Amino acid sequence: EGHGSLDVIGALAESCDVYFYSLARDLGIERIAEMGRRLGLGAPSGTGLEEEYKGLMPDKAWKRRKYDKSWLPGETVNASIGQGYTLTTPMQLAVMTARLVNGGTQVTPRLIRARSGVAVPEPSFTRRPFNPEHIALVLAGMNNCVNDPHGTAYGSRIWDEGLAMGGKSGTAHKQVGKGYASNKYRAWFTGMAPIEAPRIIVAVMIDEPS
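Presented here is a report on the structure given in the accompanying data block. (Residues numbered from 1 in each chain as written. Predicted model: local features only at pLDDT ≥ 70, side-chain atom pairs only at ≥ 80, totals over all residues. Heavy atoms only, no water.)

1. Re the pattern of salt bridges
When the charged atoms of two side chains lie near each other, side chains of opposite charge can form a pair. Going through the model one piece at a time under the given rule, you end up with four salt bridges. Here R37 and D59 are joined by a salt bridge, their closest N and O atoms 2.9 Å apart. Taken as a pair, R37 in helix α3 (residues 29-38) and D59 in the loop between α3 and α4 (60-67) lie far apart in primary sequence, 22 residues in all. Judged by relative accessible area, which is 40%, R37 ranks as partly exposed. (Salt bridge = Lys/Arg side-chain N within 4 Å of Asp/Glu carboxyl O. Helix = DSSP H or I, 4+ residues; strand = E, 2+ residues; numbered from the N terminus. Buried < 20%, exposed > 50% of the residue type's maximum accessible area, 1.4 Å probe, protein only.)

As structure tokens, then:
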């Protein structure tokens, strides 16, 4: 039956991929990639850990360098929902969520306790504000994702007075053999609390056994 008619708030709450496919075709990969990088995708989060993967926020120039091939429209569609060439880590998703919900302050996470020989960097904050009206739409969608009965995370909501949470669920594919039938899935969730003035960010990945 499908989702019916949705606006961006409903599309975020119900994880309607088709809505974002259509939007991505209008925006193009360059605008998507530029915003992704502003949100911390494709770069180490700044914890100072040498082992941290920087992930990948792909664009036309990257594909030309990597494969010497042109970017295809379908690859923009995939990137719009974090699939295809896009690579990220739970830490990067936490950074992305923090920068979104605080309106554009580029929070750099730091370790509370470092391992021996690993320096703990001082927190860094750079202000690059987003349009408040756009942020309000995203927050409304994340609120409904958790707290509206149609939201994909409604079954996992936590009721704690003064600490109501919002968030966004997602699924990533993990190819473990040849062919689509061999794929496994990773369940993702990133969220914030409380909704009105977020001060806690979470990012969780659950890996389906191979």
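From this point, things continue past the structure.
2. Details of the environment of R99
On the secondary structure map, R99 appears in helix α6 (residues 90-101). Judged by relative accessible area, R99 falls into the buried class, the value being 10%. For the pair R99 and R127, spaced 28 residues apart in the sequence, the C-alpha separation amounts to 9.5 Å. Not counting the four nearest positions on each side in its chain, R99 is found in contact with R37, R38, L39, G40, G104, T105, Q106, V107 and F130. (Contact = heavy atoms within 4.5 Å.)

3. Concerning the layout of surface pockets
Considering only enclosed or pocket space, the second largest pocket measures out at about 280 Å³ in volume. Elements that contribute at least two residues to the lining of the second largest pocket include exactly β4 (183-193) and β5 (200-207). With five residues, β4 is the single largest residue contributor to the lining of the second largest pocket. Its residues placed into classes, the lining of the second largest pocket shows eleven nonpolar, four polar and two charged. (1 Å grid on protein atoms, 1.4 Å probe; cavity = no way out; pocket = protein on both sides within 12 Å on 5 of 7 lines; lining within 4 Å. Points joined across faces, edges and corners; volume = space filled by probe spheres on them. Nonpolar A, V, L, I, M, F, W, Y, C, P; charged D, E, K, R; others polar.)

4. Structural notes on the packing of aromatic side chains
Two aromatic rings are characterised by how far apart their centres lie and by the angle between their planes. Tallied over the entire structure, the rule returns five aromatic pairs. Ring centres 5.8 Å apart and planes at 85° place the aromatic pair W62 and Y67 in the edge-to-face group. Under the relative-accessibility criterion, Y67 is labelled partly exposed at 41%. Both rings, one in W71 and one in Y85, keep their centres 6.1 Å apart while their planes meet at 50°; by these two values the pair is tilted. Within this pair, whereas W71 is found in the loop between α4 and α5 (73-80), its partner Y85 is found in the loop between α5 and α6, the two being separated by 14 residues in sequence. The buried category is assigned to W71, whose relative accessible area is 12%. Here a set of aromatic residues connected by ring pairs shows up, and it is made of W62, Y67, W71 and Y85. The residue whose ring lies beneath R157 is Y154, and the NZ or CZ to ring-centre distance is 3.7 Å. (Phe/Tyr/Trp six-rings, centres within 6.5 Å; stacked < 30°, edge-to-face > 60°. Lys NZ or Arg CZ within 6 Å of the ring centre and 35° of its normal.)

5. Things to note about the packing of helix α2 (residues 17-27) against α5
α5 packs onto α2 with a crossing angle of 125° between their chain directions and a minimal axis gap of 8 Å. Considering the angle they form, α2 stands oblique to α5. With respect to the hand of their crossing, α2 and α5 are arranged in right-handed fashion. For the pair formed by α2 and α5, the contact residues are F20, Y21, A24 and R25 on the first element and T76, V77 and S80 on the second. Taken together, the residues of the contact of α2 with α5 break down into four nonpolar, two polar and one charged. (Axes fitted to C-alpha atoms, helices over the stretch in contact; angles between N-to-C directions. Parallel < 35°, antiparallel > 145°, perpendicular 65-115°, else oblique. Left-handed = near helix turned anticlockwise from the far one by under 90°.)

Coordinates in, geometry out; function isn't part of it.
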